[in-house]
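Structural overview
Here's the letter readout for the chains.
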Amino acid sequence: MARKPKLHYFNARGRMEPIRWLLAAAGVEYEEQFLGRPEDLEKLRNDGSLMFQQVPMVEIDGMKLAQTRAILNYIAAKYNLYGKDIKERALIDMYSEGIADLSEMIMHLPLCPPDQKDAKMAQIRERTTNRYLPAFEKVLKSHGQHYLVGNRLSRADIHLVELLYYVEEIDPSLLTNFPLLKALKTRISNLPPVKKFLQPGSQRKPPIDAKALEEARKIFKF
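Below you will find a few notes about this structure. Keep in mind the model is a prediction, meaning the values are calculated, not measured.

It is at 10 Å that the axes of helix α6 (residues 155-170) and helix α7 (residues 179-189) come closest, and there the two elements cross at 110°. Taken together, α6 and α7 sit at an angle that is classed as roughly perpendicular. The two elements α6 and α7 meet at a crossing, and its hand is left-handed. Between α6 and α7, the contacting residues are D157, L160, V161, L164, Y165 and E168 on the first element and L181, L184, K185, I188 and S189 on the second. For the contact of α6 with α7, the class distribution of residues is 7 nonpolar, 1 polar and 3 charged.

In structure tokens:
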């Protein structure tokens, strides 16, 4: 029996959360090894487990994969969430990169100095409603299909729905003018493995709070 993937990160969303979402959507059970102290990270570095001395790192199929996008690409290809040909893969990559751009802005918001937080939040709202969500609404409207690419579930759909949940946490009204995106969110959320992941007590992580942020500062020394 194949071993479950093992995820090495600290107990928060960060750069591991899209990996958790993708594995969950694929119906793959996984284990998590949380970093709780700086020494835990140093141990992984010293035993050669981290190619670039950093996490996320995922043990899967006898490999120790680093770099978030490489991990996501492998999982998507392995579980048939990466399109049927290179043209579909190019679209999936393009959409996923756009999603990652906005996700990064939201992820970094808790690190923003207090005197810059309002300006950063205003920028996130503006980019959400004027750049990113209109682009994805237009894609769905252009072909009238249930999914972004090839009328079948791909990693791009999963990443987008994860992002929509984060946008909703900021302000649910930001989704008001995007009915096709709201329908996509409902559709993906009702897929059995995703529905299970969204239930309380799952391995999905909550928004980072002050305690988790302080823990991250200690582990990663920033």
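There's plenty left to go through after this.
Evaluated as defined, the whole model comprises 6 aromatic pairs. Summarising the aromatic geometry, the rings of F10 and F220 are spaced 5.5 Å apart at their centres and angled 80° between planes, so their arrangement reads as edge-to-face. Residue F10 is found in the loop between β1 (6-9) and α1 (17-25), and its partner F220 is found in helix α9 (residues 210-220); the two are separated by 210 residues along the sequence. Judged by centre distance (5.8 Å) and plane angle (45°), the rings of W21 and Y165 are tilted. Taken together, the residues W21 in helix α1 and Y165 in helix α6 connect sequence positions 144 residues apart. Accessibility assignment for this pair places W21 and Y165 in one class, buried. Members of the aromatic cluster, connected to one another through ring pairs, are Y9, F10 and F220. In this structure, R89 packs its charged tip against the face of Y82, placed 4.0 Å from the ring centre. A cation sits over an aromatic face here: K185 above Y165, 4.2 Å from the ring centre.

The linkage connecting V55 with the following residue, P56, adopts the cis geometry, with an omega of 15°. Structurally, P56 can be placed in the loop between α2 (38-46) and β3 (57-60). The backbone of Q53 sits at a positive phi, close to 65°, despite the residue not being glycine. Structurally, Q53 is set in the loop between α2 and β3. For Q53, a relative accessible area of 39% translates into the label partly exposed. Positive phi values are uncommon outside glycine, yet N151 reaches one of about 55°. By secondary structure assignment, the location of N151 is in the loop between α5 (114-143) and α6. Accessibility expressed as a relative area gives 39% for N151, which makes it partly exposed.

With that out of the way, let us pick up the pattern of salt bridges. Applying the stated criterion to the full structure yields 17 salt bridges. In this structure, R20 and E32 form a salt bridge, with 2.8 Å as the shortest nitrogen-oxygen distance. On the criterion of sequence distance, the pair formed by R20 in helix α1 and E32 in strand β2 (residues 31-34) is long-range, its members being 12 residues apart. A relative accessible area of 0% means that R20 is categorised as buried. Relative accessible area serves as the criterion here: at 19%, E32 is assigned to the buried category. With its nearest N and O atoms 2.6 Å apart, the salt bridge here joins E88 to K84. Linked through salt bridges whose partners overlap, the residues forming this network are E17, R20, E32 and K205.

Rules used throughout
Residues numbered from 1 in each chain as written. Predicted model: local features only at pLDDT ≥ 70, side-chain atom pairs only at ≥ 80, totals over all residues. Heavy atoms only, no water. Axes fitted to C-alpha atoms, helices over the stretch in contact; angles between N-to-C directions. Helix = DSSP H or I, 4+ residues; strand = E, 2+ residues; numbered from the N terminus. Parallel < 35°, antiparallel > 145°, perpendicular 65-115°, else oblique. Left-handed = near helix turned anticlockwise from the far one by under 90°. Contact = heavy atoms within 4.5 Å. Nonpolar A, V, L, I, M, F, W, Y, C, P; charged D, E, K, R; others polar. Phe/Tyr/Trp six-rings, centres within 6.5 Å; stacked < 30°, edge-to-face > 60°. Buried < 20%, exposed > 50% of the residue type's maximum accessible area, 1.4 Å probe, protein only. Lys NZ or Arg CZ within 6 Å of the ring centre and 35° of its normal. Salt bridge = Lys/Arg side-chain N within 4 Å of Asp/Glu carboxyl O.

Bear in mind that shape data such as this cannot, by itself, settle questions of function.
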